[in-house]
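Inside the fold
Listed below are the residues making up each chain.
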Amino acid sequence: GRVDEVFFEQIAVWDSHGKLPAMLSGMVGSTIGWREAPYLPCPLRPDSIARGLLRFQACGRTIALAPGLSCRNRLDAPDVMRGEETQILGAIRLEPSLMQGRQVLCLPGTHSKWVSLKDGVIEHFLTAVSGELYDILHKHSMLVNNRDGQDVSGGRAFEQALEQTRMFPDAELIHLLFQNRSRQLQGELNAADAGAYLSGLIVGQDVSGARRLFRAELAEAKGVVVIGAPRLGALYGRALTTHEIAVRAIDGDTASLAGLTALYRYSPEQVKHAR
């Protein structure tokens, strides 16, 4: 209920430049954000996202919230994203070659996204609750029972878990998770490595599932473009390479900034302001 108050406190130092317009994306435009921006249905060209911007005035300045995207995913279920659409737009601005041919994008995070891109059109995508699942199990289950929130950065236990997911491709994640506990009880896994092992199981199965569901797209694409935080992106990159899938990485923050800049330039009102 204090979104506007907090936002303007944070940007007060910039008011020396005047009442600059603000371009925002992500959960700030959700039902629990500042205001609810619409979802634009796929298939969609990323450069048309600007047409769905939700604009309003607050404290004498123009606020624009990027819309989310929606689709019917490969599991014949509704799917949505907020924030990732701006990163996709930014990635295309950074690497125009992504506008050509078939591309498969992976945007790892709290809710990881797998995206099919064809000649610059976002066709459909699939969400995996990989990051949220890891956080819940890492902090609140007997599988790890570690509440300090320490980051996992790969290592031997992560690699061992990836190998498990590769060796048993038909196993569901729910069948693999308990070994995180049983291996500790039998002395095969140190408690200090349990978080990394859990991460390897979740990331490995996320990649394995996407590999099956995006089989046709991956056969046509030249690998997967991973867009996200470097450390998490590296974990997904490692999981993809175990399946002999080529990986290109784009920093998520850089992509977000490029996407927000593109939205600003594509927006008629903002172009008028800039002039």
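Figured I'd write up the structure that's included with this text. Only a predicted model underlies this, so the values are computations on that prediction, with no experimental measurement involved. (Residues numbered from 1 in each chain as written. Predicted model: local features only at pLDDT ≥ 70, side-chain atom pairs only at ≥ 80, totals over all residues. Heavy atoms only, no water.)

Our focus in this paragraph is the overall build of the protein. What the protein contains, in helices and strands, is 11 helices and 11 strands. Relative to the globule expectation of 19 Å for 275 residues, the C-alpha radius of gyration of the protein, 20 Å, shows essentially globular dimensions. If one aligns the C-alpha atoms of the protein with their principal axes, the spans along those axes are about 65 × 40 × 30 Å. Considering only residue pairs separated by 6 or more positions, the protein has 64% of its internal contacts joining residues 24 or more positions apart. About 14000 Å² of surface is accessible on the protein, with carbon and sulfur atoms providing 53% of the total. Averaging the positions of the 30 positive and the 30 negative side-chain charges in the protein gives two centres separated by 4 Å. (Helix = DSSP H or I, 4+ residues; strand = E, 2+ residues; numbered from the N terminus. Rg over C-alpha atoms; globule rule 2.2 N^0.38 Å. Contact = heavy atoms within 4.5 Å. Areas by Shrake-Rupley, 256 points an atom, 1.4 Å probe, with all protein chains shown as cover. Lys, Arg positive; Asp, Glu negative; His and termini not counted. Charge placed at Lys NZ, Arg CZ, Asp CG, Glu CD.)

Turning our eyes to something else, we now look at the pairing of strand 3 (residues 54–58). As paired elements, strand 3 and strand 4 (residues 61–65) share five bridges and run antiparallel to each other. When the sheet's bridge partners are listed, Arg 55 is paired in strand 4 with Ala 64. The hairpin turn running from strand 3 into strand 4, its antiparallel successor, is two residues long, and Cys 59 in that turn takes a positive phi close to 50°. (Pairing = 2+ DSSP bridges.)

Turning to the sheet that holds strand 9 (residues 121–128), a few remarks are in order. Taken in spatial order, the five strands line up as 9-8-7-10-11 in an open sheet, and their pairing is mixed. Edge positions in the sheet fall to strand 9 and strand 11 (247–251), since each of these pairs with one other strand and no more. Neighbour-to-neighbour, the strand axes of the sheet open up by a mean angle of 20°, direction not taken into account. As paired strands, strand 7 (residues 102–107) and strand 10 (residues 224–228) are joined by three bridges and run parallel to one another. Among the inter-strand pairings, Val 104 is bridged to a residue of strand 10, identified as Val 224. Against the sheet, helix 2 (residues 84–94) engages strand 7, strand 8 (112–118), strand 9, strand 10 and strand 11, with an angle of about 130° to strand 7. In the packing of helix 7 (residues 194–213) onto the sheet, contacts are made with strand 8 and strand 9, and the angle to strand 8 comes to roughly 25°. (Axes fitted to C-alpha atoms, helices over the stretch in contact; angles between N-to-C directions.)

What follows concerns the packing of aromatic side chains. Considering all chains together, one arrives at five aromatic pairs under this definition. Here the aromatic rings of Phe 7 and Phe 8 are separated by 5.4 Å at their centres, their planes lie at 65°, and the arrangement is edge-to-face. Residues Phe 7 and Phe 8 agree in their burial class; the two are buried. Taking the centre distance of 5.5 Å and the plane angle of 55° together, the rings of Phe 7 and Trp 34 count as tilted. Taken together, the residues span a long stretch of sequence, with Phe 7 in helix 1 (residues 3–10) and Trp 34 in the loop between strand 1 (22–24) and strand 2 (39–41) at a distance of 27 residues. (Phe/Tyr/Trp six-rings, centres within 6.5 Å; stacked < 30°, edge-to-face > 60°. Buried < 20%, exposed > 50% of the residue type's maximum accessible area, 1.4 Å probe, protein only.)

Turning our attention to empty space enclosed by the protein. According to the stated counting rule, one finds one cavity of 30 Å³ or more in the structure shown. Size it by volume and the largest cavity reaches roughly 40 Å³. (1 Å grid on protein atoms, 1.4 Å probe; cavity = no way out; pocket = protein on both sides within 12 Å on 5 of 7 lines; lining within 4 Å. Points joined across faces, edges and corners; volume = space filled by probe spheres on them.)

On to a nonpolar patch on the surface. A cluster of nonpolar side chains, namely Val 13, Trp 14 and Leu 20, defines an oily patch on the protein surface of about 330 Å² accessible area. Positionally, Trp 14 belongs in the loop between helix 1 and strand 1. Overall, Trp 14 belongs to the exposed group, its relative accessible area being 52%. (Patch = residues over 30% accessible without salt bridge, like charges linked within 9 Å, V, L, I, M, F, W, Y side chains within 5 Å. Salt bridge = Lys/Arg side-chain N within 4 Å of Asp/Glu carboxyl O.)

So, about the packing of helix 4 (residues 156–167) against helix 9 (residues 230–242). The N-to-C vectors of helix 4 and helix 9 enclose an angle of 40°; their axes lie 10 Å apart at closest approach. Viewed along their axes, helix 4 and helix 9 adopt a mutual orientation that is oblique. Note that helix 4 runs across helix 9; the crossing there is right-handed. Contacts between helix 4 and helix 9 involve Phe 158, Glu 159, Leu 162 and Arg 166 on the former and, on the latter, Leu 235, Arg 238, Ala 239 and Thr 242. Partitioned by chemical class, the residues of the contact of helix 4 with helix 9 number four nonpolar, one polar and three charged. (Parallel < 35°, antiparallel > 145°, perpendicular 65-115°, else oblique. Left-handed = near helix turned anticlockwise from the far one by under 90°. Nonpolar A, V, L, I, M, F, W, Y, C, P; charged D, E, K, R; others polar.)

Below, the discussion takes up helix 9. The first and last C-alpha atoms of helix 9 sit 18 Å apart over 13 residues, in line with the 18 Å expected at 1.5 Å per residue. Burial in helix 9 covers these residues: Gly 233, Leu 235, Tyr 236, Gly 237, Ala 239 and Leu 240. Remark: Glu 244 follows helix 9 within two positions and exhibits a positive phi of approximately 60°. (Expected span 1.5 Å × (residues − 1).)

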